[in-house]
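Architecture and fold: a report
Listed below are the residues making up each chain.
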Amino acid sequence: MSIPATNIFVSPRTARHNLSVPPLVHMIGNTPLIELTSVTEDLSPDVRVFAKAEWKNPGGSVKDRAAWAMLSDAIRNHRITERTRVLEATSGNTGIALAMLGAALGIGVTLCIPDNASRERKQILQAYGAELIFTDPLLSTDGAQVVARELKQKYPDNYCYLNQYANPANVNAHLTTTGPEIWRQTEGAVTHFVSGLGTTGTFTGVSRYLKARDPKITIASFQPDSPFHGLEGLKHLPSVHIPDIYDGSLADIELEVTTEEAYTLCKRLAVEEGLLVGTSSGASAAAALQLAKTLEHGIVVTIFPDGAEKYLSTPVWEAN
Ligand SMILES: Cc1ncc(COP(=O)(O)O)c(C=O)c1O
């Protein structure tokens, strides 16, 4: 078996152990595209809905793609030295991905994280050895970004701030992996792409790729319908700082999803499809179905960003 030796950089640990790209990097991406066959029963028979099973990534979420793209870009551009720690503001999944990759590479990771992130997320981050700085939950990830920026300003040589909200590598991750995978897995037959907005990297990257392949593909973005939605990873854009990487011109349709709809779909996906997914995946399914119900023909693809494990102590499952 030939193992790709990418050898794109030398980090402190790789220098000592003479390793190249950590093996787990080869587990990122190429996730299954799963057809939803039960929650779609009411749809026109010529409409099919598929979801990318992003919890199959080694860190358990879609953010492994963006984290590796940003980290490898920073390493290639010599922004990480033996003295530098990687710094990021994150509501959780990017942090988990960076903590995992940092551990594998021997690079220290410091994360500014709103204090209301779920207990399971905090435990996972600590297990990987990341340093956590808890920020004001009322200020959400906007507040975490302010703290991260202040740290970087105060100690410029100690931190490499990746800033996923403004980092083009976040978009590129999806332009070069998630988008092409969807195109390949549907053999170019995808007609509609539905994506939630967080940092907006997934939406912007995948949509840009698909529109370039076939401008007739309809792109739908969706957001929670209110600022206090509890759908971790998603943003209600009118009430937050709009990410620099967001390209709203890509959306042909803009949808809204209520927290209740997302929770209902989480439960239906579990008992009807056998898919135990996170709340933003429930929201993705709700948005995809909203759109699919209006169609007579079509292949609708959405993203299921993560699994349910990290949310089992949160209201969506506690109500059971
Ligand atoms: C669970 C979850 N859903 C959705 C998203 C949104 O993805 P993106 O940041 O690419 O917009 C994220 C991002 O952190 C997430 O963690």
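The structure this text deals with has already been given above.
Below is a summary of the structure that appears in this document. Just so you know, these numbers come straight off a predicted model, no measurement behind them.

**Quick notes on the environment of Val-257**
- Structurally, Val-257 is set in strand β9 (residues 253–257).
- Judged by its relative accessible area of 1%, Val-257 is buried.
- For the pair formed by Val-257 and His-229, sequence separation is 28 residues and the distance between their alpha carbons is 9.5 Å.
- Setting aside residues up to four positions removed in sequence, Val-257 forms contacts with Phe-222, Gln-223, Pro-224, Asp-225, Ala-262, Ala-283, Ala-286, Ala-287 and Gln-290.

**Side note on the sheet that holds strand β4 (residues 109–114)**
- One open sheet accounts for 4 strands, arranged β5-β4-β3-β6; its pairing is parallel. The strands lining the two open edges of the sheet, one partner per strand, are β5 (131–135) and β6 (159–161). Between one strand and the next, the sheet's axes are offset by a mean angle of 25°, whatever the strand orientation.
- Of the pairings in the sheet, the one linking β4 to β5 comprises 5 bridges and is parallel in character. Residue pairing across strands places Pro-114 opposite Thr-135, the latter belonging to β5.
- Most of the contacts of helix α4 (residues 119–127) go to β5, to which it runs at about 150°, and overall it touches β4 and β5.
- Across the sheet, helix α5 (residues 140–154) is in contact with β3 (85–89), β4, β5 and β6; its angle to β4 comes to roughly 145°.

Thresholds, definitions, all that
- Residues numbered from 1 in each chain as written.
- Predicted model: local features only at pLDDT ≥ 70, side-chain atom pairs only at ≥ 80, totals over all residues.
- Heavy atoms only, no water.
- Helix = DSSP H or I, 4+ residues; strand = E, 2+ residues; numbered from the N terminus.
- Buried < 20%, exposed > 50% of the residue type's maximum accessible area, 1.4 Å probe, protein only.
- Contact = heavy atoms within 4.5 Å.
- Pairing = 2+ DSSP bridges.
- Axes fitted to C-alpha atoms, helices over the stretch in contact; angles between N-to-C directions.

Worth remembering: the numbers are spatial, not functional.
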